[in-house]
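# A structural walkthrough
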Amino acid sequence: MKNFCLLLACLCVCSVFSCYAQSIMPGKEWKDTDGNPINAHGGGVLYHDGTYYWYGEYKGEHTYRSPGVDWDCYRTEAGGVSCYSSKDLYNWKFEGIVLEPDTLNPHSDIHPSMVIERPKVIYNDETGKFVMWMHIDSYNYWKAAAGVAVSDSPTGKFTYLRSMHPNGQISRDMTLFKDDDGKAYHIYSSEGNATLYISLLTDDYLDHSGTYTRNFPNKFREAPAIFKRNGKYYMVTSGCTGWDPNEAEYAVAESILGPWKAVENPCRGKDADKTFYGQSTFILPVNGKKDGYIMMFDKWNKTNLIDSRYIWLPIVFEGENLTIPWMETWNLDNIGCRFVGENRK
Ligand code: DGJ
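An account of the accompanying structure is given in this report. Everything numeric here is computed off the predicted structure, so don't read it as measured data.

## Section: unusual backbone geometry
With an omega of 0°, the peptide bond running from Gly156 to Lys157 counts as cis. Assignment of secondary structure puts Lys157 in the loop between strand 9 (145-151) and strand 10 (159-164). Cis peptide bonds are those with omega within 30 degrees of zero, and the linkage from Gly258 to Pro259 qualifies with 5°. One non-glycine residue with positive phi stands out, namely Glu191, at about 50°. Inspection of the secondary structure assignment puts Glu191 in the loop between strand 12 (184-190) and strand 13 (195-201).

Dropping the structure here:
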């Protein structure tokens, strides 16, 4: 009996430890602390008061092609925006749907029949509000607008305010960037996705200030992700091929509003020319780690969108140049230092 109890205790401890992640495995199924696959696509991460909050698209279970659309327009019902929290970046607790879809009003921007993509959240130190911007679209991607929502808490609920065509132009793939001086920017694919706009938000982050720049004109860059290191701004973008992968590119600027100089594809290793079958969504600065930045990609599964995976990889610096080498598995001990390995180039 004593031996049996010991065995049982061992099994319990082992099962607890096997659920407790201590590494990141790009492209593999990633489960939350309840054991469910994380459903936070096209996402971004906010670090606030010692906790990371991962916001993303909450995909519905059923993927189908939008009726009457002649391109590969796969979609699920818009399930709103989910949030997961973590202290260690490996283990994520589901905090719920923090921006719920409006199931009652078929004309609402956030009705399940619409598209809610690439949500990002920043905190406004002056107003004490958490502000979410997202890509709002119709089922056929013709509306092409930016939506904004606000909350008093990082875990919501967020109140949806409105959508708009900022600076008089359409807006699709997007990210947000909050600079050291507290100014925040909305970066979005515009002019039919041909040109990337960088637009200064108002001080409360709830609108556009009127100051903006047009970047990479006619280059059709989307999926922007931005960070700042040693006073320089870096942006990773994808090409424009729907849900299918293409080659990433990074660019550098001395000022967030530009001019931006395109450099090269930062990806290294197997399938680097296809961004490891991923697409950029966000660059996450790791708190307290010098040069610790995680490149977040989505690995879309267009015919079963809920099963799209996450490819998170550390960014590696050589001087001012950056690379993103493929790794099967890694942990935060590796981050912020130089990797020595076959994927370097
Ligand atoms: C590419 C974008 O980056 C995604 O967010 C999504 O809008 C797909 N296009 C839809 O085809």
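Back to the text.
## Brief notes about the site of the ligand
Lining the immediate environment of the ligand, one finds Trp71, Glu117, Arg118, Tyr141, Asp173, Glu222, Gly242, Trp243 and Gln279. At a separation of 2.5 Å, an oxygen atom of the ligand approaches a polar side-chain atom of Asp173. Contact with the protein chains removes 96% of the 290 Å² of surface that the ligand exposes when unbound. In terms of residue class, the shell around the ligand is built from three nonpolar, two polar and four charged.

## Examining the side chain of Asn91
Along the polypeptide, Asn91 turns up in the loop between strand 5 (78-86) and strand 6 (93-99). Of the residues examined, Asn91 reaches a relative accessible area of 12% and is grouped as buried.

## Notes on the sheet that holds strand 20 (residues 279-285)
Pairing in this open sheet of three strands is antiparallel, and the strands run 20-21-22 from one edge to the other. Two strands bound the open sheet, and with one partner strand each, they are strand 20 and strand 22 (309-314). Mean inter-strand twist for the sheet, computed between neighbouring axes without regard to direction, equals 25°. In this structure, strand 20 lies alongside strand 21 (residues 293-299), joined through six bridges in antiparallel fashion. In the sheet register, Gln279 faces strand 21, and the bridge partner there is Asp298.

## Comments concerning the environment of Val115
Of note, Val115 is situated in strand 7 (residues 115-124). Judged by relative accessible area, Val115 falls into the buried class, the value being 5%. Sequence separation between Val115 and Ala149 is 34 residues, and the spatial gap between their C-alpha atoms is 15 Å. With residues up to four places along the chain from it excluded, the contact list for Val115 reads Arg75, His135, Ile136, Asp137, Ser138, Tyr139 and Tyr141.

## A few points about the pattern of salt bridges
On inspection of all chains with the given rule, the structure shows 24 salt bridges. Linking Glu29 and Lys31 is a salt bridge whose minimum nitrogen-to-oxygen distance equals 3.7 Å. Residue classification places Glu29 among the partly exposed positions, given a relative accessible area of 44%. The exposure class of Lys31 is partly exposed, given its relative accessible area of 44%.

## With respect to the state of the cysteines
On inspection of all chains with the given rule, the structure shows zero disulfides. Counting only cysteine sulfurs, Cys240 is the nearest neighbor of Cys73, a cysteine outside any disulfide, at a range of 13 Å. For Cys73, a relative accessible area of 0% translates into the label buried.

Basis of the calculations
Residues numbered from 1 in each chain as written. Predicted model: local features only at pLDDT ≥ 70, side-chain atom pairs only at ≥ 80, totals over all residues. Heavy atoms only, no water. Helix = DSSP H or I, 4+ residues; strand = E, 2+ residues; numbered from the N terminus. Near = heavy atom within 4 Å. Polar contact = N/O pair within 3.5 Å; in protein donor to acceptor, adjacent residues only side chain to side chain. Areas by Shrake-Rupley, 256 points an atom, 1.4 Å probe, with all protein chains shown as cover. Nonpolar A, V, L, I, M, F, W, Y, C, P; charged D, E, K, R; others polar. Buried < 20%, exposed > 50% of the residue type's maximum accessible area, 1.4 Å probe, protein only. Pairing = 2+ DSSP bridges. Axes fitted to C-alpha atoms, helices over the stretch in contact; angles between N-to-C directions. Contact = heavy atoms within 4.5 Å. Salt bridge = Lys/Arg side-chain N within 4 Å of Asp/Glu carboxyl O. Disulfide = S-S within 2.5 Å.

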